[in-house]
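Observations on the model geometry
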Amino acid sequence: MNLVPEKNSDFSKTEYWDSFFTKRKATFEWYGNYENLKRLLTRYISAKDDILMSGCGNSDLSINLYSDGFTNMTCVDNSEVVIANMNNKHKNKYPGLVYEIEDILNTKYANEKFSAIIDKGTLDALMPDGEVESLTRAMKIENGWIIRVCQCTEVEDSPDFNGQPVFMVVCIKVNKIPGTNPVLEWNPDGLTNERLDSINYLLEIVIDTQKSVSMCFDLTKCRMEDMSNNYRFEINCSQTKKPRYTIMIVESRTQKNPNKMTFAAFIVPRGREHEWLFSSKEGQDTLRQNCNVDRLAIISMHRGQIYKNLKQVQGELSRLMLKIAPQGVIRRGATILFLSLEQLGDRKIIMESKNEHSGNFVIEEVIGQKGETYRRLVFLNMPHIIQSEAKLLTENGEIKIDYSHFLSDYIPYLGLGVGILANQLNKEFKILLIGLGGGVLTNLLLNAYKNVNIVAVEIDPVIYKIAKEAFGLLEDSRLEVNVCDGLEYICNAVKNNDKYDAVVYDVDAKDPTLGLSGPPKAFLRQDMLNNIKSLIGKDGLFLLNFVCRASDVKTEILNVLKTNFKQLTLLKIAEDICRVLLAGNSDKAFDAYLLEQTAVYMNQCTKSNPLIACDIIDISALKENIEDI
């Protein structure tokens, strides 16, 4: 039996409803049953209220309320058919419960007769479309009220939930003051009322809620069509409106039956979000397999938010985890399993600022898994990428920098490239470094090679200051720092006929959405490559920290470099998308033998320096990390 009209406007016609209730004798609930709505309804009405039930239809809502003590109730509908049916069914059984035929826009009742009105769909029937007439009809009802929209979360918890959330609109009559803005509120849980500035913001919240609830419903049923785009989302803090949690859903490629899938949630300790296990697709799937589940929710916490302990975090997220668990987990009555490597971890922001070149940034100190402390520089436009990191040591109560610690092997590998030159002991070498950052690479080169002089270029004076004050940049007569634009510096150096034994790029791209995180593409234009070749000559080296997520962009750049340099070697970094590129135009190839011999020399240098005092290159793994181009 098809009861849906041919066009939405029919919902506002009495003839449609007479036909509907003639065909549909059984009770019909459009927006959930009484048990789903009871908590919110009984929060706003009392047994003393004189209640008008608008558009009662043949719903059992009036009967349920009556049975709970709300006996002073008048139920109206414009359909003679349904009012006759309801009177026949309930008139004698529920004394005092009145059913009457009325047009809600033009009733016979005296003003202020009722202290509460309940509408379970009449407004939708009056405005089934966006036409002016419909909107005018609706505003005739709503004008002059405080509007509070409440999310009926019990509907979403019911076993027959269909994926569409239900909202209860609570209108509280006020004495309207000319010139004042309407009072608009959002209530996501039945308890907390959030005051909003505009109707558009309220509508935006409702639409976002519909999307998120629908997404969670699809997750429970395993109906997600585009896993790459739909499995990552953020949860905002209700007070600050800023992101509080990032949720990444990782699934098995084989088990897709929602009734058989297993599920757990993993809380990433603060300060470890950048690690391969938590930030890369391969690492995340490895973590899922290690947790022995078919679906894993990986939960990251955000800077600037307060988290007391694991119990608090679990409490905040337990309802959401139930909403995104495969339906079989809920049907089996399984408890959501929360996992973590440790406690929440500790993250302390010691500086937060903004500058012209890098935007918002923070310097923070994070406690590692073994209790060690790391100081980090993070640009907030790329919050999961650590720009610079130093390990802190405490000696006799004094905090010092551990110069033997490197966040990534790309830094020692860039140092290895410079070592190809520095291994020629009877010669001084001049290196141009584009991108000082926290100075970690500069410190390594100064500590490892006594015959290397560095000209470092840093566009941001604030970062240069941070390198000195927070990351232990070594002030040395062999180091010259220029605060200026790297592209301009290179062009001017060519004009001045300057020469360098090596040019090193360690500079990040400010717009990682292009698929290239470093170096910026402007540094790899043909005119700039011509400048590099002019600066280093035939026997010099060109070294790059190369970070590219887009395979097509990576291929394009490598092809360009192949046409400009005779020798090109790529060193991959374990569990990272970083690559170190070694390029040059001499006849000497950067083969495994040369790199291994250079690594031996480099380790000798770093072991003999008391500030490092250890090997920094794993020679046994070096050959395996040479990648075919």
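Quick caveat, the model's predicted, so the values are computed rather than measured.

1. Overview of a negative patch on the surface
Residues Asp409, Glu575, Asp576, Asp618 and Glu624 make up a contiguous surface patch of negative charge. Assignment of secondary structure puts Asp618 in the loop between α20 (592–608) and α21 (619–622).

2. Remarks on the nonpolar core
Judged by nonpolar contacts, the single largest core of 62 residues is most densely connected at Leu416 and Tyr449. When residues of this core are assigned to their parent elements, the largest contribution, nine residues, is made by helix α14 (residues 410–422). Those residues in contact with Tyr449 that lie beyond four places of it in its chain are Gly415, Leu416, Val418, Gly419, Ala422, Arg478, Tyr601, Met602 and Cys605. Leu432, Tyr489, Phe542 and Val553 belong to the second largest nonpolar core, which has 34 residues in total.

3. Topic: helix α16 (residues 461–470)
By the burial criterion, the buried members of α16 are Ile463, Tyr464, Ile466, Ala467 and Ala470. Each buried residue of α16 sits inside an arc of 165° when the element is viewed along its axis, so together they form one side. Next to the buried residues of α16 lie β14 (347–355), β15 (359–367), β16 (373–379), β18 (398–402), β20 (452–458) and β21 (479–483). Its side-chain oxygen 2.9 Å from the backbone nitrogen of Val462, Asp460 forms the N-cap of α16. Just beyond α16, the residue with positive phi is Gly472, at close to 70°.

4. Things to note about the packing of helix α17 (residues 486–495) against helix α18 (residues 526–536)
Contact pair α17 / α18: the axes reach a minimum separation of 10 Å and the direction vectors enclose 50°. Judged by the inter-axis angle, α17 sits oblique to α18. As α17 packs across α18, the resulting crossing turns out to be left-handed. For the pair formed by α17 and α18, the contact residues are Leu487, Ile490, Cys491, Ala493 and Val494 on the first element and Met528, Asn531, Ile532, Ser534 and Leu535 on the second.

5. Quick word on the pairing of strand β22 (residues 502–505)
Taking every second residue as pointing to the same face, both faces of β22 are buried, with Ala502 and Val504 on one and Val503 and Tyr505 on the other. Relative to β22, strand β19 (residues 429–434) runs parallel, the two sharing four bridges. In the sheet register, Leu433 faces β22, and the bridge partner there is Val504.

6. What to know about helix α8 (residues 199–221)
Quick reminder: α-helices carry 3.6 residues per turn. Residues three or four places apart thus point the same way. Counted at 1.5 Å a residue, the expected span for α8 with its 23 residues is 33 Å, and the 33 Å between its end C-alpha atoms agrees. Those residues of α8 lying buried are Leu202, Ile205, Val206, Thr209, Val213, Met215, Cys216, Phe217, Leu219 and Thr220. Just beyond α8, the residue with positive phi is Cys222, at close to 60°.

7. A closer look at unusual backbone geometry
A cis geometry characterises the amide bond from Gly518 onward to Pro519, with omega recorded as -5°. The topology assignment puts Pro519 in the loop between β23 (516–518) and α18. A positive phi angle, close to 60°, is found at Glu112, a residue other than glycine. Looking at the secondary structure, you find Glu112 in the loop between β3 (97–101) and β4 (116–119). We note that Asn396 has phi near 55°; this positive angle belongs to a residue other than glycine. Considering the arrangement of structural elements, one finds Asn396 in the loop between β17 (388–395) and β18. Residue Asn396 is classed as exposed on the basis of its relative accessible area of 85%.

8. Things to note about the confidence of the model for the protein
Should pLDDT be low for a region, the predicted coordinates there are not to be read in detail. Confidence in the prediction for the protein averages 85 pLDDT; 88% of positions are at 70 or higher. Per-element averaging of pLDDT across the protein places helix α9 (residues 227–230) at the bottom with 48 and β22 at the top with 97. Taken together, the stretch residues 1–5 has pLDDT below 50 and engages in nine contacts with residues farther than four places along the chain or on a different chain.

9. Some thoughts on the sheet that holds strand β5 (residues 145–151)
Strands sit in the order β6-β5-β7-β8 across an open sheet of four strands; the sheet is mixed. Both edges of this open sheet fall to β6 (167–173) and β8 (194–196), since each of them pairs with a single strand only. Across the sheet, the mean angle from the axis of one strand to that of its neighbour is 25°, orientation sign disregarded. Helix-sheet contacts for α8 involve β5, β6, β7 (184–187) and β8, and the interaxial angle to β7 is about 20°.

10. Some details on a nonpolar patch on the surface
A cluster of nonpolar residues, Ile199, Leu203 and Ile207, forms a patch on the protein surface that exposes about 260 Å² of accessible area. Given the relative accessible area of 45%, Leu203 is considered partly exposed.

11. Some remarks on the packing of α14 against α20
At a minimum axis separation of 9 Å, α14 and α20 run at an interaxial angle of 95°. When the interaxial angle is binned, α14 and α20 end up roughly perpendicular. Contacts between α14 and α20 pair Pro412, Gly415, Leu416, Gly419, Ile420 and Ala422 from the former with Leu594, Leu595, Thr598, Ala599, Tyr601 and Met602 from the latter.

12. Things to note about the side chain of Arg244
Along the polypeptide, Arg244 turns up in strand β10 (residues 243–251). In this structure Arg244 comes out as buried when scored by relative accessible area, which is 8%. Those residues in contact with Arg244, other than ones at most four positions away along the chain, are Ile235, Asn236, Cys237, Ser300, Met301, His302, Gln305, Ile306, Tyr307, Gln312 and Glu316.

13. Regarding the pattern of salt bridges
Here the structure, examined in full by the defined rule, presents 29 salt bridges. The residue Asp527 makes a salt bridge to Arg525 at a minimum N-O spacing of 3.1 Å. Under the relative-accessibility criterion, Arg525 is labelled partly exposed at 39%. Across the pair Lys607 and Asp615 runs a salt bridge whose closest N-O atoms are separated by 3.7 Å. Looking at Asp615, the relative accessible area reads 41%, which means it is partly exposed. Taken together, the shared-partner salt bridges in this structure form one network comprising Glu156, Asp157, Arg319 and Lys323.

14. Looking at the packing of aromatic side chains
The tally for this structure, following the rule as stated, stands at ten aromatic pairs. Aromatic pair Tyr66 and Tyr94: ring centres 5.2 Å apart, planes at 80°, arrangement edge-to-face. With a gap of 28 residues between them, Tyr66 in helix α3 (residues 61–67) and Tyr94 in the loop between α4 (80–90) and β3 connect regions that are remote in the sequence. Centre to centre, the rings of Phe167 and Trp186 are 6.1 Å apart; their planes meet at 50°, and the pair counts as tilted. Remark: Trp186 occurs in strand β7 and Phe167 occurs in strand β6; sequence separation between them is 19 residues. In this structure Trp186 comes out as buried when scored by relative accessible area, which is 5%.

Reading the values: the criteria
- Residues numbered from 1 in each chain as written.
- Predicted model: local features only at pLDDT ≥ 70, side-chain atom pairs only at ≥ 80, totals over all residues.
- Heavy atoms only, no water.
- Patch = residues over 30% accessible without salt bridge, like charges linked within 9 Å, V, L, I, M, F, W, Y side chains within 5 Å.
- Areas by Shrake-Rupley, 256 points an atom, 1.4 Å probe, with all protein chains shown as cover.
- Salt bridge = Lys/Arg side-chain N within 4 Å of Asp/Glu carboxyl O.
- Lys, Arg positive; Asp, Glu negative; His and termini not counted.
- Charge placed at Lys NZ, Arg CZ, Asp CG, Glu CD.
- Helix = DSSP H or I, 4+ residues; strand = E, 2+ residues; numbered from the N terminus.
- Core = buried A, V, L, I, M, F, W, Y, C linked by side-chain atoms within 4.5 Å.
- Buried < 20%, exposed > 50% of the residue type's maximum accessible area, 1.4 Å probe, protein only.
- Contact = heavy atoms within 4.5 Å.
- Arc of directions from axis to C-beta.
- Polar contact = N/O pair within 3.5 Å; in protein donor to acceptor, adjacent residues only side chain to side chain.
- Axes fitted to C-alpha atoms, helices over the stretch in contact; angles between N-to-C directions.
- Parallel < 35°, antiparallel > 145°, perpendicular 65-115°, else oblique.
- Left-handed = near helix turned anticlockwise from the far one by under 90°.
- Pairing = 2+ DSSP bridges.
- Expected span 1.5 Å × (residues − 1).
- pLDDT = per-residue confidence, 0-100.
- Phe/Tyr/Trp six-rings, centres within 6.5 Å; stacked < 30°, edge-to-face > 60°.

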